[in-house]
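# Observations on the model geometry
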Amino acid sequence: MENKKELRTWLDDLKLNHPLVVAGPCSAETEEQVLKIAHELKDTDVSYFRAGIWKPRTRPGMFEGVGALGLKWLQRVKAETGMKIATEVANAAHVKLALEHDVDLLWIGARSTVSPFIVQEIADALEGTDKIVLVKNPVNPDLALWLGAVERLASANIKNLGVIHRGFSTYEKTKYRNTPEWQLAIELQSKFPDLPIINDPSHITGKRDMIFDVSQTALDLNFDGLMIETHYDPENAWSDAAQQVTPETLVQIMKDLKIRKESDSEADYNDALNNLRAKIDVIDNQIIELLGKRMVVADSIGTLKRQKNVSVLQSKRWNEILGKMVLEGQDHGLSEEFILKMFKAIHQESINHQEKILKK
Ligand SMILES: O=C(O)C(=O)C[C@]1(C(=O)O)C=C[C@@H](O)C=C1
């Protein structure tokens, strides 16, 4: 699949002067619940009303969605509020029912995106549709798998495509429910600058009080929209209670978010920016030069070790370096996380250099 301007057409055609907002409850629970939330979201920035009809749950025995019955409730939402409607589909049967009920936007969930078989089944069922189809990232941070799913849909002649960034599962507990790994979303945007990308701060954070912050980061990174789970009584929601916000909170979030533009044409701003960028270019070159020099020293260490048959990895020395560099980094305003990531990469490169010499 190639990037092309037309990928944005469906979004441009909405002619919004704010980010695209998809909002509504995690799950459709009852007809009253769906309609009450929808009426509270009418006349806000929300263009698409979402509700989960079929819920893929981690373990059996939990609420798994109301099923096809809920699609009728979504149709009432459209008729009564004028909002378009959106839901998740996870197999061909879901697609058939969603299309029969004229759902305007369908998304493929993270647990489906991981499976090329499921994605292909969904793509085949959707073949040639003019509905909007958004692909959530797979649960694991695998950009090729994410884009592969989009490609399967594009090959099924589906034109109105986009992606949803909902974060990634980790074994370690972090402050996020699913860590954002923003680098992946950035890489995706550099490969497909015109493919609409929506952020899902509800699933990234898992906590409503972090939603604003993640939404702002997403907008600062040029995301096109937000999908935010919204419920009039979040505490008592049947699923994902901790991450849903009330319609009032959603309106406040949209009011408080700073919407940035991609650039500004003012001359003074561009002069100042270009000056600073020239400085960055010089520093980047110095960094590369220094890293190259460091590897030349590593090569010499490799030659020494080869003569004496000593192993490459020297954990004690390496831990000393890491400890010192974390402290040094603090003095220069660099986070421990960054220093550890950077020096681990440097260490690996040094090991690769020495390995080449030892294996000669
Ligand atoms: O000090 C060494 O023995 C090295 O091989 C150098 C170096 C490094 O790049 O700093 C690389 C590998 C070792 O694990 C420790 C440190």
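Conventions and cut-offs
Position numbers for residues start from 1 in each chain and track the written sequence from start to end. Where totals are concerned, whole chains, interfaces and linings use all residues; where local detail is concerned, this predicted model gives features only for residues with pLDDT of at least 70, and gives and counts side-chain atom pairs only at 80 or more. As used throughout, domain bounds are those supplied by an automatic or database domain assignment. Here is the check we use: build the C-beta atom from the backbone, and if it is within 6 Å of the molecule or strand, call the residue near. Numbered from the N terminus, helices here are DSSP runs of H or I no shorter than four residues, and strands are runs of E no shorter than two. Basically, the charged four are Asp, Glu, Lys and Arg, the nonpolar ten are Ala, Val, Leu, Ile, Met, Phe, Trp, Tyr, Cys and Pro, and anything else, Gly included, counts as polar. UniProt positions are given in the numbering used here, feature names are shortened, and annotations may be inferred rather than shown by experiment. By the convention adopted here, residues are in contact when the distance between their C-beta atoms, placed from the backbone, does not exceed 7 Å. Strands qualify as paired when DSSP identifies two bridges or more between them. Axis definition: a line fitted to C-alpha atoms, limited for helices to the stretch in contact. Angles are taken between N-to-C directions and run from 0 to 180 degrees. Three exposure classes are used, based on other C-beta atoms lying within 10 Å of a residue's own C-beta, which is placed from the backbone: buried for 20 or more, exposed for 12 or fewer, and partly exposed in between. Definition of nonpolar core: a set of buried Ala, Val, Leu, Ile, Met, Phe, Trp, Tyr and Cys residues joined via C-beta atoms within 7 Å.

Interface size is commonly expressed as the accessible area that is lost once the parts come together. As assigned here, the chain comprises domain 1 (5-256) and domain 2 (267-358). Summarising the inter-unit geometry, the C-alpha centres of domain 1 and domain 2 are found 40 Å apart.

We now examine the site of the ligand. Neighbouring the ligand are Ala298, Ile301, Val312, Leu313, Gln314, Arg317, Trp318, Ile321, His347, Ser350, Ile351 and Gln354. If you list the elements that add at least two residues to the shell around the ligand, you get α12 (267-308), α13 (315-331) and α14 (336-358). Element by element, the count of residues in the shell around the ligand is highest for α14, at four residues. Looking at the shell around the ligand residue by residue, the classes come out as seven nonpolar, four polar and one charged.

Bringing the UniProt feature "coiled-coil region" (unreviewed entry) in the chain into the picture now. In the numbering used here, UniProt assigns the "coiled-coil region" (unreviewed entry) feature to residues 266-293. In residues 266-293, helix accounts for 96% and strand for 0%; the two terminal C-alpha atoms are 41 Å from one another.

Below, the discussion takes up the environment of proline 19. Within the fold, proline 19 resides in the loop between α1 (9-12) and β1 (20-24). When the C-alpha positions of proline 19 and aspartate 45 are compared, they lie 8.3 Å apart, and in sequence the two are 26 residues distant. Once you skip the residues sitting within four places of it in the chain, proline 19 turns out to touch Leu219, Asp224, Gly225, Leu226 and Ile259.

Attention shifts here to the sheet that holds strand β7 (residues 197-199). Around the barrel, eight strands lie side by side as β1-β2-β3-β4-β5-β6-β7-β8; this closed barrel has parallel pairing. Each neighbouring strand pair of the sheet contributes to a mean axis angle of 30 degrees, computed without reference to strand direction. The pairing of strand β6 (residues 161-165) with β7 spans three bridges and is parallel. From the neighbouring strand, histidine 165 faces β7, where its bridge partner is asparagine 199.

Glancing now at unusual backbone geometry. For residues besides glycine, phi is generally negative; the peptide bonds are generally trans as well. Unlike most non-glycine residues, asparagine 222 shows phi in positive territory, near 65 degrees. The residue asparagine 222 is located in the loop between α10 (211-220) and β8 (225-229) in this model. On the neighbour-count criterion, asparagine 222 (14 C-beta atoms within 10 Å) is partly exposed.

Let us look at the nonpolar core. Counting residues in hydrophobic clusters, the biggest one holds 67 residues, and the most contacted among them are Phe49, Leu134, Val135, Leu153 and Ile198. Ranked by the residues each element gives to this core, the list is headed by helix α7 (residues 143-155), at five residues. Not counting the four nearest positions on each side in its chain, isoleucine 198 is found in contact with Leu20, Val22, Leu134, Gly162, Ile164, Phe223, Asp224, Gly225, Leu226 and Met227.

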